[in-house]
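Secondary and tertiary structure notes
Now for the letters of each chain:
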Amino acid sequence: MAKKKKKKKDSGFISFLSSVVSFFRDERFRYAMGIVFLLVALFMLISLISYLFHWKTDQDFEWSRVLSEAEIQVENQGGKMGAWLSNLFINKWFGLASFLSPAILTFLAMALYRIKIISTWKAIRNCLILIILLSVSLGVLFGDGNGILGSGPGGAHGFFISRWLLSSIGYAGTIFLLLIFYFALLLFTTGFLGWAKNKSISLPFERKEYADQEEAPAFSEEEEPEVENFQEEEPFEVSSRKEELVDEIADSPAAEEADKNDVEMMVEDVSGINPDEINPGEGALGEYDPTLDLAKFRFPPLGLLLDYDQEESTVSNEELISNKNRIVETLGNYNIKIDKIKATIGPTVTLYEIVPAPGIRISKIKNLEDDIALSLSALGIRIIAPIPGKGTIGIEVPNQNPRMVSMKSILASKKFQETEMDLAIALGKTISNETFVFDLAKMPHLLVAGATGQGKSVGLNAIIASLLYKKHPAQLKFVMVDPKKVELSLYSKIERHYLAKLPESEEAIITDTQLVIHTLNSLCGEMDERYNLLKNAQTRNIKEYNNKFINRKLNPDKGHRYLPFIVVIIDEFADLIMTAGREVETPISRLAQLARAIGIHLVIATQRPTTNIITGVIKANFPARIAFRVTSGIDSRTILDGPGADQLIGRGDMLFLSGNEPIRLQCAFIDGPEIESVTDFIGEQRGYPSALLLTPVEDESSGGPEVDLDKRDEKFEDAARLVIQHQQGSTSLIQRKLSLGYNRAGRIVDQLEAAGILGPFEGSKARQVLVQDEFSLEQILKGLS
């Protein structure tokens, strides 16, 4: 009896379990649960969207009381439950990534309805991983978002995980780690690995040939499930059964037709290619990156520069009205009526645009420049009659309190940061307070002139700083000539990054006149070599050539190389012309005429803009010119081919000419300590082993001069005694002590070298004196006579 009772109890429990299982297996239960999941997903979506609009009020409540106390009201469209759920998911958990949560419920509903568009469990797994990754990503990018949505766009989870990652591996490491996870998720989602695995399995299959179709194995519908079960249980083994299946499918007429179509498609794809045009190396390694040698080079940050900018407008309404009334009154004294007047305030000057009454001659207004300056008690009045492109006459009046323009504000401007110019130079601000940026590569050379102390050196520093903030050391090199030896000396710290020099030169900043001549001649040689490279590459300019080289269409074994831009900075050009004359002017003229296409550009500065310094040849090849304040109208006409530079007020006030009419600018100010900070930042980084070495050009002074000592200069013996006395063999010493020109002094030095009194040329160092006393000199002179 006991056994029977026990058997009845067991059978009753089993029947109960079977009824429960049958209830859950019932189709009606599955459909009901699918509807429940879809409704919950819709409820969550509405609550989450509503939380975006009412999170400030709803999150202030204590959520333990919200569900229990009826007097507490919430604004969420999902009510208290929706507000609690959305706060939990967005604020305390995963932030905006929580919007993927309803998708998980939707996938569960699809599984219950047996909708097999995608793999349900893989989709749910990927959604969960994506929620976590997006939460952390939003935390990294936005942090707490200043309290937006409570804990920020990434939620509390994203915020704390991102803070921990940032403190552990830094910003770059965190971004790199997240990218790895996203890439891994993409691989598993797209099934790329499974596709590759299937491809590798199908390779060793042998194709079986059957003499008769009846001999091929046939499979009934009952056998098909066995194959499916086999694939699930043993995914890594390939049985003969599976080989037979593949063989049967491959031998079918449909497969043969598909193979035939594939072959025809392949033939059609390659039929239009000429084998002779295929470059086996092209594209195999990707594009060449010239910056790889210094891949970790960092551009100097803007924080190294100082911000001198004052308030936006330093001109009061009283000053504007007073100037306007005085202009109208002065013109009225000469019976010149004004219909309209408008003021545009700039950092240094204010432009008053006037529209004269009909019948007024423009020349009549232009002749009143001094009278208007007298009435306004101002220096630097300039009249533009008429303003190009406008039907107005401009009167530029200096501000009583001019505003300094910092280099930092210019380099930080959107116009400079987003420019795609080859050699972008941010020079300053216009009268309308717009940042002025021009492309040196299109100028293609620049002449800078101005009296001492008017901003010329600052302008050169602004040009150099613009290029340093924009171009990688692999893309740009400077050749710097500084006869004064102090203006450009700070840039010696970036010698291994940005500078170019001759091999025999100890210093990259060239100060010796003779070395300047050699350097300019070597640049002419570089120019000729580059033109030969362009000719062989069948390109017209440096941009086309470098694009070909980057795309690996030029063979380095045939002499091709990446060509950086070379910008030649020459300060105190007048001193070079006085000491070397035509020896400097000739290579500069050659470079100015021909070097544009191959990326060599000249920036020449002088404080003496006279006609014997800025000759017609120089002016003809320097269409772009910068004029700071000069002392006379003659100097202004020498630089700009017209007046205006003598009317400037100084301290960076300048005129830029690259077309018909000059543009008035306030040059950006960059001080010595700022330049030092920038050069220190660059110089402390890893650079090239040395500066870019230019190829020397052999000439008389470098290869031992061929001099006829029978035709010695009449000052030869005096010069010989002079160098013996001072034990210094320099051209400048002979030139200075004997009051000779540079060319004649240079010829005497060549004769002294040929006579064995002086040693050979040694770059920037003075020549070695080979004779130590007067007695030895006399013996040499007797031998020559």
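Report on the accompanying structure. All residue numbers refer to position in the chain's written sequence, counted from 1. Only residues with pLDDT of at least 70 get local features here, since the model is predicted, and only at 80 or more are side-chain atom pairs given and counted; chain-wide, interface and lining totals rely on the full set of residues. Calculated side-chain values reflect all of the structure's heavy atoms, with hydrogen atoms and water omitted.

Some words on helix α26 (residues 716-726)
The complete set of buried residues in α26 reads Phe716, Ala719, Ala720, Leu722, Val723 and Ile724. At its buried positions, α26 is contacted by α27 (731-737), α28 (742-754) and α29 (774-784). Here a strand is any run of E in DSSP of at least two residues, a helix any run of H or I of at least four, and the numbering for each starts at the N terminus. Directly after α26, the chain includes Gln727, whose backbone phi takes a positive value near 50 degrees. The cut-offs for exposure are 20% and 50% of the maximum accessible area for each residue type, with area from a 1.4 Å probe on protein chains only; residues under the lower value are buried, those over the upper are exposed, and the others partly exposed. Every residue pair with non-hydrogen atoms within 4.5 Å of one another is taken to be in contact.

Re unusual backbone geometry
In this model, Met443 is joined to Pro444 through a cis peptide bond whose omega is 0 degrees. Mapped onto the elements of the fold, Pro444 is located in the loop between β6 (435-439) and β7 (446-449). In this model, Asn335 sits at a positive phi of 60 degrees, which is unusual for a non-glycine residue. Looking at where Asn335 falls in the secondary structure, it is placed in the loop between α12 (317-333) and β1 (338-345). Here Asn335 falls in the exposed class, since its relative accessible area comes to 64%.

Comments concerning the packing of aromatic side chains
Aromatic pairing here means that ring centres of Phe, Tyr or Trp (its six-membered ring) are within 6.5 Å. Orientation follows from the plane angle: under 30 degrees is stacked, over 60 is edge-to-face, and everything else is tilted. Under the defined criterion, the tally for this structure stands at eight aromatic pairs. Measuring from ring centre to ring centre gives 6.2 Å for Phe297 and Tyr498, while their planes differ by 75 degrees; the resulting arrangement is edge-to-face. With Phe297 in the loop between α11 (253-270) and α12 and Tyr498 in helix α18 (residues 495-498), this residue pair connects regions lying 201 residues apart in the sequence. Here a set of aromatic residues connected by ring pairs shows up, and it is made of Phe297, Phe299, Phe478 and Tyr498. Here, over-ring charges are defined by two tests on the NZ atom of lysine or the CZ atom of arginine: distance to the ring centre within 6 Å, and angle to the ring normal within 35 degrees. It is Lys470 that lies over the ring of Phe416; its NZ or CZ is 4.9 Å from the centre.

Here's the deal with the sheet that holds strand β14 (residues 653-657)
Strand order in the open sheet formed by 10 strands is β6-β5-β15-β14-β13-β7-β12-β11-β8-β10, with mixed pairing between adjacent strands. The open sheet terminates on both sides in strands that have one partner only, identified here as β6 and β10 (509-510). At least two bridges found by DSSP between two strands is the condition for calling them paired. Pairing of β7 with strand β13 (residues 624-627) involves four bridges; the strand directions are parallel. By the bridge assignment, Leu447 is partnered in β13 with Arg625. Each of β8 (476-481), β11 (565-570) and β12 (600-606) is contacted by helix α21 (residues 573-580), which is oriented at about 90 degrees to β12, the strand it contacts most. Structural elements are reduced to axes, namely lines fitted to C-alpha atoms, with helices fitted over the stretch in contact, and the angle between N-to-C directions of any two is expressed from 0 to 180 degrees. Sitting on the sheet, helix α22 (residues 582-594) touches β11 and β12, and the angle it makes with β12 is about 130 degrees.

Honestly, that's just the spatial picture; any functional story needs more than this.
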